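Here is how the chains run, residue by residue.
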Amino acid sequence: MASKALYSVVAVVGIAAASGAAWWYQNKLSSPATDSVAAAPAPRGAASGPGGAAGRPPGVEVARVETMRLTDDAQAVGSLRSRQGVIVRPEVSGRITQLNFRDGDRVRKGQLLVQLDDQLPLAQVQQAQAELSIAQANHKRNQELVAQNFISQRSVDESAANLQVAQAKLSLAQATAARLRIVAPFDGITGIRTVNVGDYLKDGADIVNIEDIAAIFVDFRLPERFQTKVQRGQRAMVDIDALPGRKFTAVVQAIDPLVDANGRSVGIRGCIDNRALQLRPGMFARVTAVFGERENARVIPEEAIVPQGGRQMVIKLVDGPDGDTKIAQRVEVKVGIRRPGRVEITDGLQA
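Within each chain, residues carry numbers counting from 1 in the order of the written sequence. Residues qualify for local features only when their pLDDT is at least 70, as the model is predicted, and side-chain atom pairs are given and counted only at 80 or more; totals for whole chains, interfaces and linings, by contrast, use all residues. Side-chain measures here rest on the full set of heavy atoms in the structure, leaving out hydrogens and waters.

### Here's the deal with the overall build of the chain
Reasoning step 1: Per the secondary structure count, the chain includes three helices and 16 strands.
Reasoning step 2: Total accessible area on the chain stands at roughly 23,300 Å², and carbon and sulfur atoms take up 53% of it. The helix and strand labels rest on DSSP assignments: H or I over at least four residues marks a helix, E over at least two residues marks a strand, and numbering proceeds from the N terminus. Exposure was quantified through the Shrake-Rupley algorithm and a 1.4 Å probe, taking into account, for residues, occlusion by the shown protein chains and nothing else.

Okay, here's the thing in structure tokens:
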């Protein structure tokens with residue numbers, strides 16, 4: 001029993017000695033590092049508190065308010081259209097006897113394009129002319145006879161009515177014959193025809209398209225928020241994917257008064273001078289509508305804007321009380337045009 005008690009006392013003393021040695025060894029390793037940090041002098045101008053690493057104040061980037069030229073514009077996509085375009089179709093049925101144009105020809109207003117068979121209408125015109133001559137002669141004779149009181153006034157009235165009927169028949173026959181002559185409605189360029197001499201056409205059948213492309217329209221749409229900015233006479237820059245590197249200038253000619261209820265957009269039509277015939281109807285266009293230009297717009301980096309509720313704020317550096325330091329001041333600003341990485345300041349800052 002005495003030996004067991006001795007063993008227990010020795011074990012407890014050994015554990016206590018080992019624990020004390022371990023504690024002393026750990027404190028010895030950590031004491032030099034702690035002494036060196038405490039002894040190191042703080043950097044000049046270091047701020048106390050959790051400002052930055054090793055007690056230094058956080059670094060910030062400062063930018064000046066610059067002035068530059070800004071363009072107030074909006075981008076859209078559109079399509080090119082002919083200033084005038086029509087598909088020529090006959091009003092009456094008939095067989096083609098003449099084709100007086102070739103594919104891709106320039107034609108003038110009133111030029112005969114297609115002649116349909118008009119033998120029967122021309123014969124009806126001649127018949128109407130003969131009936132008109134007889135009616136004119138009878139009416140003239142009746143006027144002479146009524147002056148001599150050989151016939152009544154009723155006969156003169158009847159001959160006058162017959163004369164009017166004959167004139168109407170002649171006009172009808174001439175109009176019927178004229179419909180067999182298909183002429184160009186305006187100056188333009190013909191497309192590729194789909195008929196040949198000898199074809200029998202029914203009324204309304206397609207013959208050829210005519211396009212006036214000396215000036216060409218570009219139709220595009222802008223969101224409804226731009227309706228107060230866009231006006232007739234403004235410029236729009238047009239880029240054509242089929243003609244890379246070329247820029248064309250369009251002038252706004254018309255603004256649709258109706259806002260599309262589906263897309264909430266307004267239709268706009270511009271006109272491009274195309275006398276060089278480089279553009280074609282149906283081309284895809286990228287349009288930049290220009291609403292105005294500012295020569296000395298004040299801009300700052302976009303990341304300097306700090307939204308706060310419904311306001312836009314920036315941190316402005318101003319001179320401190322001693323004149324040698326700068327202090328930060330929160331300033332409310334109003335923003336304008338935004339560009340990649342930059343934003344215009346319309347109020348609150350000076351250049």
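### Remarks on the pattern of salt bridges
Reasoning step 1: In the sections that follow, a salt bridge refers to a side-chain nitrogen of Lys or Arg positioned within 4 Å of a carboxyl oxygen of Asp or Glu. The full count for this structure, using the stated rule, is 19 salt bridges.
Reasoning step 2: E158 serves as the salt-bridge partner of R154, at 3.3 Å between the closest nitrogen and oxygen. Of this pair, R154 and E158 are both found in helix α3 (residues 153-178), four residues apart, which corresponds to roughly one turn of the helix.
Reasoning step 3: Residues D319 and K326 are paired through a salt bridge, measuring 2.6 Å at the closest nitrogen-oxygen approach. The two residues D319 and K326 agree in class, both being exposed.
Reasoning step 4: Within this structure, R81, D219 and R269 form a network of salt bridges that share partners. Buried means the residue's accessible area, taken with a 1.4 Å probe over protein chains only, is under 20% of the maximum for its type, while exposed means over 50%, and partly exposed covers the values in between.

### Observations regarding the nonpolar core
Reasoning step 1: Counting residues in hydrophobic clusters, the biggest one holds 24 residues, and the most contacted among them are L80, V218, L222, V238 and I272.
Reasoning step 2: Breaking this core down by element, the ones donating at least two residues are β1 (66-88), β8 (208-223), β9 (235-240), β10 (247-260), β11 (265-273) and β12 (284-301).
Reasoning step 3: Beyond its immediate chain neighbours, meaning those up to four positions away, I272 contacts L80, A215, I216, V218, V238, F248, T249, A250 and L279.
Reasoning step 4: Residues belong to one nonpolar core when they are buried, are Ala, Val, Leu, Ile, Met, Phe, Trp, Tyr or Cys, and are joined through side-chain atoms within 4.5 Å. Formed by 17 residues, the second largest nonpolar core is a distinct cluster that contains I96, V107, I182 and A184. Note on contacts: a residue pair is in contact if any heavy atoms of the two residues lie within 4.5 Å.

### Focus: the pairing of β12
Reasoning step 1: Judged from the 13 bridges that link them, β1 and β12 form a sheet pairing that is antiparallel. Residue pairing for β12: D72 is matched across the bridge by G292.
Reasoning step 2: For two strands to pair, DSSP has to find at least two bridges joining them. Two elements, β12 and strand β16 (residues 342-347), share three bridges in a ladder whose sense is antiparallel. Counted as the bridge partner of V299 is E344 from β16.

### Considering unusual backbone geometry
Reasoning step 1: You will see that R264, though not glycine, has its phi angle at about 50 degrees, which is positive.
Reasoning step 2: Among the structural elements, R264 can be located in the loop between β10 and β11.

### Looking at the packing of helix α2 (residues 119-147) against α3
Reasoning step 1: At a closest axis distance of 8 Å, the pairing of α2 and α3 adopts a crossing angle of 160 degrees. The orientation of α2 relative to α3 falls into the category roughly antiparallel. Our pair here, α2 against α3, has a crossing hand that is left-handed.
Reasoning step 2: Residues belonging to the contact of α2 with α3 are distributed by class as follows: 14 nonpolar, 14 polar and two charged. Only the contacting stretch of a helix is used when fitting its axis, a line to C-alpha atoms as for every element, and angles between N-to-C directions run 0 to 180 degrees. Angle categories are assigned with fixed cut-offs, so that under 35 degrees is roughly parallel, over 145 is roughly antiparallel, 65 to 115 is roughly perpendicular, and the rest are oblique. The sense of a crossing depends on the near helix, which, turned anticlockwise from the far helix by less than a right angle, makes the crossing left-handed and, turned clockwise, makes it right-handed. When residue character is reported, Ala, Val, Leu, Ile, Met, Phe, Trp, Tyr, Cys and Pro are called nonpolar, Asp, Glu, Lys and Arg charged, and the others, Gly included, polar.

By themselves, these are just geometric observations and shouldn't be taken as functional.
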